[in-house]
Amino acid sequence: MKNTFKTLLAIVAFIATTAFTPVGTGYDIGDIATDFELENIDGTMVSMADFKDAKGFIVVFTCNTCPYAVAYEDRVEALNKKYADKGYPVIAIMPNNTDVKPGDNMAAMKARAKAKGFTFPYLMDKGQKIYPQYGATKTPHVYVLEKTKKGPQVKYIGAIDDNYKDASAVTKTYVEDAVDALLVGKEVPEAKTRAIGCSIKV
Amino acid sequence: MKHMALIITIVLMSFGNGASQINSFEETHLDRPDNSLKVFNFEELQSYLSAKDAKKTYVINFWATWCAPCVKELPYFEQLNTKYSNHNVEVILVSLDFPKQIETKLKPFLKKNALKSEVVVLDDVDSNTWIPKVNKNWSGAIPATLIYNKDKKAFYERSFNYKELETEVKQFIK
């Protein structure tokens, strides 16, 4: 009896250490995302609530210093050009601790945005309060939100597309497919995808 | 001129630790046979992810030269590989460096740091398919580490220091 208990205890301890390794405590599909008020590269404070006419948002956690994020810069800009007028603007948020990654500080964000001609807000998650709420773990990490009566509802979480290396070789445009579906009132075909990215620096 | 210095600093910092100090131009000319490196797609990598040797514990670390926290923890994996090789522990470092940077960044990095553990490159863009096959809870952030033997398997989407890593591995060796 004592042995059975011991074995059970060992099993429980094993499960506790392996099954609950830090996995996203953030949003899942269907959750309502909280709004934020973060500083943009132009010095203004930006919230989702500012976008009165938007139907939703393409929230992209990204940065200057991650090669994956850099590989996707032009595609993020293209998303904003394509969807801002249709009601789904891009809001980019830089989640890294800039003490660890000085290349992601506000001056560097401004320089990068200017060099690349970003037309979307590029916000600093100052104090790193927002990304944990979303459950973002890496850059780039995308959340497509749809405005509902309850608030901005999470409709898609994951990658921008299925080829980080070569935009011309992409076969699945996950984010575009999600927004296109939402625009015509359909379900998002693939609501969660995964891609390699740089861990958010804390 | 001042701006130039700033830009160079930013560019250098953006490459993360270690790798930025390498003069890749000099070293890529030395294309020696010992410089060869296996580049796999996920299907090819899979033989590394399930026990080949039933007696062994495998420590698979996913990393890249551009990933600063990965580079920081590499010495701990090297130390583990050396210290526990006679306990049937084998470390395999799976690099996710961009294929076009294998010659210019990865190989010079490996040469400079003289890594003893086996290094392979995973080049497979369809990450949405293969990431869940490594572990269903992996969001895709690196560093990430898989430890397994024929009896059990554990996955860690996090950084390690040596003590933490050793503690985990000790649970696998009896």
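Refer to the structure printed above.
What counts, and where the lines are drawn
- Residues numbered from 1 in each chain as written.
- Chains lettered and ligands numbered in written order.
- Predicted model: local features only at pLDDT ≥ 70, side-chain atom pairs only at ≥ 80, totals over all residues.
- Heavy atoms only, no water.
- Core = buried A, V, L, I, M, F, W, Y, C linked by side-chain atoms within 4.5 Å.
- Buried < 20%, exposed > 50% of the residue type's maximum accessible area, 1.4 Å probe, protein only.
- Helix = DSSP H or I, 4+ residues; strand = E, 2+ residues; numbered from the N terminus.
- Contact = heavy atoms within 4.5 Å.
- Buried area = accessible area lost by both parts, 1.4 Å probe.
- Salt bridge = Lys/Arg side-chain N within 4 Å of Asp/Glu carboxyl O.
- Polar contact = N/O pair within 3.5 Å; in protein donor to acceptor, adjacent residues only side chain to side chain.
- Nonpolar A, V, L, I, M, F, W, Y, C, P; charged D, E, K, R; others polar.

**Description of the nonpolar core**
1) Next: Among the nonpolar cores identified, the biggest contains 91 residues, and Ile58(A), Leu45(B), Phe62(B) and Trp138(B) are the most heavily contacted of them.
2) Next: For this core, the element with the highest residue contribution is helix 2 (residues 67–83) of chain A, accounting for 6 residues.
3) Next: Phe57(A), Leu123(A), Tyr131(A) and Tyr143(A) belong to the second largest nonpolar core, which has 22 residues in total.

**Some remarks on unusual backbone geometry**
1) Next: In this structure, Pro140(A) follows Thr139(A) across a cis peptide bond, with omega equal to -10°.
2) Next: Among the structural elements, Pro140(A) can be located in the loop between strand 6 (138–139) and strand 7 (141–148).
3) Next: Cis rather than trans, the peptide bond between Ile142(B) and Pro143(B) has omega equal to 10°.
4) Next: If you trace the backbone, Pro143(B) turns up in the loop between strand 5 (141–142) and strand 6 (144–148).
5) Next: In this structure, Gln128(A) takes a positive phi of about 50° despite not being glycine.
6) Next: As for its placement among the helices and strands, Gln128(A) is situated in the loop between strand 5 (122–124) and helix 4 (130–134).

**Section: the interface of chain B and chain A**
1) Next: Taken residue by residue, the interface counts 32 residues in chain B and 28 residues in chain A.
2) Next: Of the roughly 2,500 Å² buried where chain B meets chain A, counting both sides, 60% is carbon and sulfur surface.
3) Next: It is Phe98(B), Val125(B) and Asn128(B) that lose the most area in chain B upon contact with chain A, and together they represent 24% of the buried surface on that side.
4) Next: Connecting chain B to chain A are 1 salt bridge.
5) Next: In this structure, the salt-bridge partner of Asp123(B) is Lys165(A), at a minimum N-O distance of 2.8 Å.
6) Next: Where chain B meets chain A, there are 11 residue pairs in polar contact (both at pLDDT 80 or more).
7) Next: Counting residues per element, the ones that place at least two in the side of chain B that touches chain A are helix 1 (2–14), helix 4 (68–83), helix 6 (127–134), strand 5 and strand 7 (153–156) of chain B.
8) Next: Among the elements that line the side of chain B that touches chain A, the one with the most residues is helix 6 of chain B, at 5 residues.
9) Next: Among the residues forming the side of chain B that touches chain A, the class breakdown is 19 nonpolar, 8 polar and 5 charged.

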